[in-house]
Amino acid sequence: MLTIHHLGVSQSDRIVWLMEELGLPYKLVWHRRGEDRLMQADYLALHPAATAPVVDDDGRMLSESTAIVEYICHKYAGGRLTVGPGAPNYFDYLYWLQLNNNMMGLQFGRIGLGEQTDGWAAGLFQRRADGYARFVEQALAAHPYLAGDEFTCADIMSAYSFRPRAILGARDDMPNARAYMARIEARPAYIRAMALAGPEAQPPAGA
Ligand SMILES: N[C@@H](CCC(=O)N[C@@H](CS)C(=O)NCC(=O)O)C(=O)O
């Protein structure tokens, strides 16, 4: 059985969400952040890349969300929630599967800029965030999910960028993304996953 190493308030809640969507069994191991809000020695010992999530598949430690979600779907769920090269929306799927990492890079860049709103870096940040926001709105005007009419791993990966504390989630010019998030938040698997491992979830006693 897969073990999900969940770092509190982190992107690893997405893997819990995926497993709930697929109805696959898994073991959830909670790791608290330290007082400095960073991962601690127990998590750092899991994988040299030192990023959350980490999933243990029979002793093989897997890192990097996008790789993990595709791996689980293909290895354990017959490709459910993925889109293959023969489908007309294959490229859309790949695009939205990758977006979150770009958004997280932007988010860290924005944090690094602090209050600064002028200059090259601030201009680049703003232009990119505006561009992604525009494209998200366009895609979600055309269909209910990012890669088309069906919910896929592209949604599991990218919805993270539309949560309130993320860059796109903090904007007030994205009505389609807001309506989309209401659809996402109503999904029973999402509700279950967030109760277990979402930003407001409490670690089990002893974790
Ligand atoms: N591209 C990686 C990014 C993972 C990532 O940045 N995770 C954050 C948590 S959201 C992390 O590891 N932070 C280290 C820390 O908080 O100490 C992925 O998608 O798995």
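Residues numbered from 1 in each chain as written. Predicted model: local features only at pLDDT ≥ 70, side-chain atom pairs only at ≥ 80, totals over all residues.

1. Brief notes about the pairing of strand 4 (residues 60–63)
Across four bridges, strand 3 (residues 54–57) lies against strand 4 in antiparallel orientation. If you follow Asp-57 over to strand 4, its bridge partner there is Arg-60. (Pairing = 2+ DSSP bridges. Helix = DSSP H or I, 4+ residues; strand = E, 2+ residues; numbered from the N terminus.)

2. Examining the sheet that holds strand 4
On the basis of which strands lie adjacent, the open sheet formed by four strands has the order 2-1-3-4 and mixed pairing. Two strands bound the open sheet, and with one partner strand each, they are strand 2 (26–31) and strand 4. Neighbour to neighbour, the strand axes of the sheet diverge by 25° on average, direction disregarded. Pairing between strand 1 (residues 2–7) and strand 3: three bridges, direction antiparallel. Bridge pairing in strand 3 places His-5 opposite Val-54. In the packing of helix 1 (residues 13–22) onto the sheet, the strands contacted are strand 1, strand 2 and strand 3, and the crossing angle to strand 1 comes to about 145°. (Axes fitted to C-alpha atoms, helices over the stretch in contact; angles between N-to-C directions. Contact = placed C-beta atoms within 7 Å.)

3. Concerning the environment of Gln-202
Counting through the fold element by element, Gln-202 comes out in the segment after helix 8 (188–197). Taking the number of C-beta atoms within 10 Å as the measure of exposure, Gln-202 has 10 and is therefore exposed. Taking the C-alpha atoms as reference points, Gln-202 and Trp-30, 172 residues apart in sequence, are found 9.6 Å from one another. (Buried ≥ 20, exposed ≤ 12 C-beta atoms within 10 Å, placed from the backbone.)

4. Thoughts on the site of the ligand
Lining the immediate environment of the ligand, one finds Leu-7, Ser-10, Gln-11, Leu-38, Met-39, Thr-51, Ala-52, Pro-53, Glu-64, Ser-65 and Asn-101. When the residues that make up the shell around the ligand are grouped by side-chain class, the tally is five nonpolar, five polar and one charged. (Near = placed C-beta within 6 Å. Nonpolar A, V, L, I, M, F, W, Y, C, P; charged D, E, K, R; others polar.)

5. Here's the deal with the domain arrangement of the protein
Accessible area lost during the coming together of the parts is what is often quoted as the interface size. By domain assignment, the protein separates into domain 1 (2–81 + 190–197) and domain 2 (90–187). Computed over C-alpha atoms only, the centres of domain 1 and domain 2 are separated by 21 Å. Counting residues at the interface gives 12 residues for domain 1 and 10 residues for domain 2. Mapped by element, the contributors of at least two residues to the side of domain 1 that touches domain 2 are helix 1, helix 3 (65–76) and helix 8. (Domains from an automatic or database assignment.)

6. Here we look at helix 3
With 12 residues, helix 3 extends 16 Å between its outermost C-alpha atoms, agreeing within 8% with the 16 Å of an ideal straight helix rising 1.5 Å per residue. Turning to helix 3, its buried residues number three or more, namely Ser-65, Ile-68, Val-69, Ile-72 and Cys-73. The arc that holds the buried residues of helix 3, viewed along the axis, is 120°, so those residues lie on one side. Across helix 3 from its buried face, at more than 90 degrees, point the exposed residues Ala-67 and Lys-75. Turning to helix 3, the residues buried within the fold contact helix 1, strand 3, strand 4 and helix 6 (153–158). Positive backbone phi, approximately 60°, marks Gly-78, located one or two places after helix 3. (Expected span 1.5 Å × (residues − 1). Arc of directions from axis to C-beta.)

7. Quick word on the nonpolar core
Formed by 48 residues in total, the largest nonpolar core has its most connected members in Val-69, Cys-153 and Ala-154. The residues contacting Val-69, other than those within four sequence positions of it, are Leu-18, Cys-153, Ile-156 and Met-157. (Core = buried A, V, L, I, M, F, W, Y, C linked by C-beta atoms within 7 Å.)

8. Side note on the packing of helix 1 against helix 8
The contact between helix 1 and helix 8 brings their axes to 8 Å, and the two run at 140°. On the basis of the axis angle, helix 1 is oblique to helix 8. Crossing of helix 1 over helix 8 shows right-handed handedness. Contacts between helix 1 and helix 8 pair Asp-13, Val-16, Trp-17, Glu-20 and Glu-21 from the former with Ala-189, Tyr-190, Arg-192, Ala-193, Met-194, Leu-196 and Ala-197 from the latter. (Parallel < 35°, antiparallel > 145°, perpendicular 65-115°, else oblique. Left-handed = near helix turned anticlockwise from the far one by under 90°.)

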